[in-house]
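# Inside the fold
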Amino acid sequence: MSALTTPAAILPNRPGPMGRVSDFLWKHPHVLLAILLGPPVLWLGVIYLGSLFALLLQSFFSIDDFSGLINYEFTLATYRQLLSDANFDIIVRTVTMAATVTLFSALIAFPIAYYAARYAKGKWKAVFYLGIMLPLWSSYLVKIYAWKLILAKEGILTWAFTKLHLLWVLDGWLALPIIGGNSLSVSYTGTFLVFVYVWMPFMILPIQAALERVPGNLIEASSDLGGTPQQTFRHVLFPLALPGIVAGSIFTFSLTLGDYIIPQIVGSSRLFIGQAVYAQQGTAGNIPLAAAFTVVPIVIMGLYLFMAKRMGAFDAL
Amino acid sequence: MTAAVLFENVSRHFGAVKAVDAVDLEIAAGEFFAMLGPSGSGKTTCLRLMAGFEQPTHGHIEIFGETAEGVPPYRRSVNTVFQDYALFPHLSILDNVAYGLMVKGIGKEDRRKAAEDALAMVKLPGYGQRRPGQLSGGQRQRVALARALVNKPKVLLLDEPLGALDLKLREQMQEELKSLQKSLGITFVFVTHDQGEALSMADRIAVFNDGKIQQLGTPEDIYKRPQTRFVADFVGSSNVLSSATCAKLGVAAKAASLRPEAIAIGTSWAEQLSLPGTVTARSFLGATNRISIDCSGEKIIVASPAAMPVPDIGAAVQLAFSRNDLHLMEEA
Ligand SMILES: Nc1ncnc2c1ncn2[C@@H]1O[C@H](COP(=O)(O)OP(=O)(O)OP(=O)(O)O)[C@@H](O)[C@H]1O
Ligand SMILES: [Mg+2]
């Protein structure tokens, strides 16, 4: 027919060791899986989970108040100590902060993610990713200190409020109990603002990924069947974005629960869990109590995920 | 009587692509209207203009006498069966079907009943608790149908709603749809690639090509009297005879169409026209044999009943047909 030789229906083995290796792996996919997964599973299982388990174990020991040495006997004394008023306050404070930060992050992130997923094209998509990622490339400490300057009494925010003749709003806010303070940089409000800023990308990106996967024709179908934009949001868009929101909230929630630097630099001097862990294992040398404090976020996250699953947050997966 | 759907010189352009180009259309209330055309000819875009997902670049659209431009889809009593189903993946089949009733605020029990009835109608009773991901393509298509029908819209737009079904189920659903359309009095706008489906179901057919309507008429019109070479070719592959061949037959025309099944091989009576030719190919299609014949350079297809003898390839034959079956066309 043509000058080309027709190839055989079954090609011969490819020559060379690579050819043999790929033939072998094709016939034994489990070997390939073992090679790919072995090292990370070992790392995760032994080093990561192992050390976590060792830490948990520590929380069931106690410290001898007199000598300051660890008493390696199983006891719940440390947990009793954890639930004492002062320590329990720390837990409540941290969880409240983490929940508020998560809620507001989600509220701010959703419209941004929605715009990026539905409308941004080409150049604007690049601008979006750059805008989200750029803050992640600069040092965390630099950003926090920058915020301290912004929020300080002599900072740009106070200046802006003064120029806009809105200083009374700021002063009124700072006069509020608990969330107010001398200036934003030493108030819970300040801590909250910095948390929201720093964790925002971790909320936006998963929501954007979830929204990106919602086919446009589902929005059209809802509208076609008589769903107003609000109904479409409530019954179609939101449920389908929920796994992304939950994923983002896992980030913002757990990162806030564990952070000890932001509340140290911006905020009142009252402790958060991270700071308590830092103080207990460092200056106080109470490793068991430090360990018990770290158990708190783990348990809370476990409960959070359990409830999210119960409420059907992952049904759309 | 006001038309269900009225297009006046409607165009929808996407940049340089003229998806719908200067279309005039009037679909009567209660009519079963089919849109037939090759892929990319603008059928879906036409439906989207009716549903309100697209706005016309030019022209004017009315639905039951009311201006449709600028009216959002959720305010039109028009429902769509989407070409790609567009079922909600996070809802059960029952909730999918009941969605339109739910957003209209109909009570839980009523809409469950209506949705179950609709599912039974598309032969999927008891599938309500499944998720769309657990159904086959054809089952999803039927759910999409039930989801639109349950709302009893004034106009139902169906974008190839039976494309994923096997022949038997498709024929069943065709009958079901047709009788449903009759009993509910809903205006159907039905898009299909399948000319047989369009011919058997529709009251009227519009044949689309390149965003324009090539011909609009009853199935019989379209089938027997194609006005352009495109329609003749697309709908049941009519033969198109050139003006030279027409002249040989003693007919003056730019071109003429001739249906393959209107031609007999061999016998010709006095009142019939006849053409000599040579058999070049033949294939067995079940009920008929399809025979290609070369008539001095013009290829003519004959659909000969399977019971008739089949001439050998290379045999010289006489083609015979009645003058009434030869339809003159305005363009070549
Ligand atoms: N959003 C869009 N942007 C650009 N071009 C589009 C858009 N939608 C449709 N088109 C173009 O318009 C033309 C008509 O498309 P349409 O979907 O109406 O075809 P169709 O007749 O439904 O085809 P099929 O039978 O394959 O479904 C095509 O050339 C298509 O590429
Ligand atoms: Mg289409």
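The shown structure was predicted, so the numbers you read here are calculated from the model rather than taken from an experiment.

Right, let's talk about the coordination of the magnesium ion (ligand 2) for a bit. Residues and elements named next belong to chain B. The magnesium ion (ligand 2) binds to the protein through Thr44 (OG1) and Gln83 (OE1), with metal-donor distances spanning 1.8 to 2.5 Å. In this pair, Thr44 is assigned in helix α1 (residues 43–51) and Gln83 in the loop between β6 (78–81) and α2 (93–103), connecting sequence segments 39 residues apart. With a relative accessible area of 28%, Thr44 lands in the partly exposed category. What makes Gln83 partly exposed here is its relative accessible area of 37%.

Contact residues are listed per partner, giving 20 residues for chain A and 23 residues for chain B. Taken together, the two surfaces of chain A and chain B that pack against each other cover about 1800 Å², and 60% of this comes from carbon and sulfur. Sorting the residues of chain A by area buried against chain B places Glu220, Asp224 and Leu225 of chain A first, and these three jointly supply 37% of that buried surface. Our count for the chain A to chain B interface comes out at 1 salt bridge. Taking the shortest distance from any N to any O, the salt bridge between Arg48 of chain B and Glu220 of chain A comes out at 2.8 Å. For the pair chain A and chain B, the interface holds 9 residue pairs in polar contact (both at pLDDT 80 or more). Of all the secondary-structure elements, those providing two or more residues to the side of chain A that touches chain B are α10 (216–224) and α11 (229–258) of chain A. A per-class count over the side of chain A that touches chain B returns 8 nonpolar, 9 polar and 3 charged.

What follows is about the packing of α11 of chain A against helix α14 (residues 287–310) of chain A. Residues and elements named next belong to chain A. Close contact between α11 and α14 brings their axes to 11 Å; oriented N to C, the two are set at 165°. Classed by the angle they form, the pair α11 and α14 counts as roughly antiparallel. Relative to α14, the crossing made by α11 is right-handed. In contact with Val246, Ser249, Ile250, Phe253, Ser254 and Leu257 of α11, α14 contributes Pro297, Ile300, Met301, Tyr304, Leu305 and Ala308. Of the residues assigned to the contact of α11 with α14, the class counts are 10 nonpolar, 2 polar and no charged.

So, on to the packing of aromatic side chains. Summed over the entire model, instances satisfying the criterion amount to 22 aromatic pairs over all chains. Ring geometry for Phe60 of chain A against Tyr79 of chain A: centres 5.3 Å apart, planes inclined by 45°, an arrangement best described as tilted. Pair noted here: Phe60 of chain A is in the loop between α2 (29–58) and β1 (62–63) and Tyr79 of chain A is in helix α3 (residues 77–82), with a separation of 19 residues, a long-range link. Measuring from ring centre to ring centre gives 5.6 Å for Phe230 of chain B and Phe234 of chain B, while their planes differ by 10°; the resulting arrangement is stacked. Note that Phe230 of chain B and Phe234 of chain B are positioned in helix α8 (residues 229–234) at a spacing of 4 residues, about one turn of the helix. Looking at Phe230 of chain B, the relative accessible area reads 21%, which means it is partly exposed. These aromatic residues form a ring-pair network of at least three members: Phe110, Tyr114, Tyr119, Phe233 and Phe238 of chain A. The residue whose ring lies beneath Arg147 of chain B is Phe88 of chain B, and the NZ or CZ to ring-centre distance is 5.0 Å.

The next thing to look at is the sheet that holds strand β11 (residues 239–242) of chain B. Residues and elements named next belong to chain B. Sheet architecture is open: 3 strands sit in the order β11-β12-β18, paired in antiparallel fashion. Each edge of the open sheet is held by one strand with a lone partner, namely β11 and β18 (327–329). The sheet shows a mean angle of 35° between the axes of neighbouring strands, direction not considered. In this structure, β11 lies alongside strand β12 (residues 255–258), joined through 4 bridges in antiparallel fashion. Its bridge partner being in β12, Asn239 is matched across the sheet by Leu258.

Another aspect to go through is the site of ligand 1. All names here are of chain B. Every one of the 14 residues lining ligand 1 counts as a neighbour, but Ser39, Gly40, Lys43, Thr44 and Thr45 are closest to it. Residue Ser41 places a main-chain N or O atom 3.1 Å away from an oxygen atom belonging to ligand 1. A distance of 3.4 Å separates an oxygen atom of ligand 1 from a polar side-chain atom of Glu160. In the complex, 63% of the free accessible area of ligand 1, which totals 630 Å², lies under the protein chains. In terms of residue count, α1 provides more of the shell around ligand 1 than any other element does, 3 residues in total. A per-class count over the shell around ligand 1 returns 4 nonpolar, 8 polar and 2 charged.

On to the packing of helix α4 (residues 85–118) of chain A against helix α5 (residues 123–137) of chain A, then. Residue and element names in this part refer to chain A. Running from N to C, α4 and α5 point in directions that differ by 145°, and their axes come no closer than 9 Å. Taken as a pair, α4 and α5 cross one another with a handedness that is left-handed. Contacts from Ile112, Tyr115, Ala116 and Ala117 in α4 reach Trp124, Lys125 and Phe128 in α5. Here the residues of the contact of α4 with α5 sort into 6 nonpolar, no polar and 1 charged.

About the criteria used
Residues numbered from 1 in each chain as written. Chains lettered and ligands numbered in written order. Predicted model: local features only at pLDDT ≥ 70, side-chain atom pairs only at ≥ 80, totals over all residues. Heavy atoms only, no water. Donors = N, O, S within 2.8 Å, 3.2 Å for Na, K, Ca; no water. Helix = DSSP H or I, 4+ residues; strand = E, 2+ residues; numbered from the N terminus. Buried < 20%, exposed > 50% of the residue type's maximum accessible area, 1.4 Å probe, protein only. Contact = heavy atoms within 4.5 Å. Buried area = accessible area lost by both parts, 1.4 Å probe. Salt bridge = Lys/Arg side-chain N within 4 Å of Asp/Glu carboxyl O. Polar contact = N/O pair within 3.5 Å; in protein donor to acceptor, adjacent residues only side chain to side chain. Nonpolar A, V, L, I, M, F, W, Y, C, P; charged D, E, K, R; others polar. Axes fitted to C-alpha atoms, helices over the stretch in contact; angles between N-to-C directions. Parallel < 35°, antiparallel > 145°, perpendicular 65-115°, else oblique. Left-handed = near helix turned anticlockwise from the far one by under 90°. Phe/Tyr/Trp six-rings, centres within 6.5 Å; stacked < 30°, edge-to-face > 60°. Lys NZ or Arg CZ within 6 Å of the ring centre and 35° of its normal. Pairing = 2+ DSSP bridges. Near = heavy atom within 4 Å. Areas by Shrake-Rupley, 256 points an atom, 1.4 Å probe, with all protein chains shown as cover.

Purely spatial values, then, with no claim about function.
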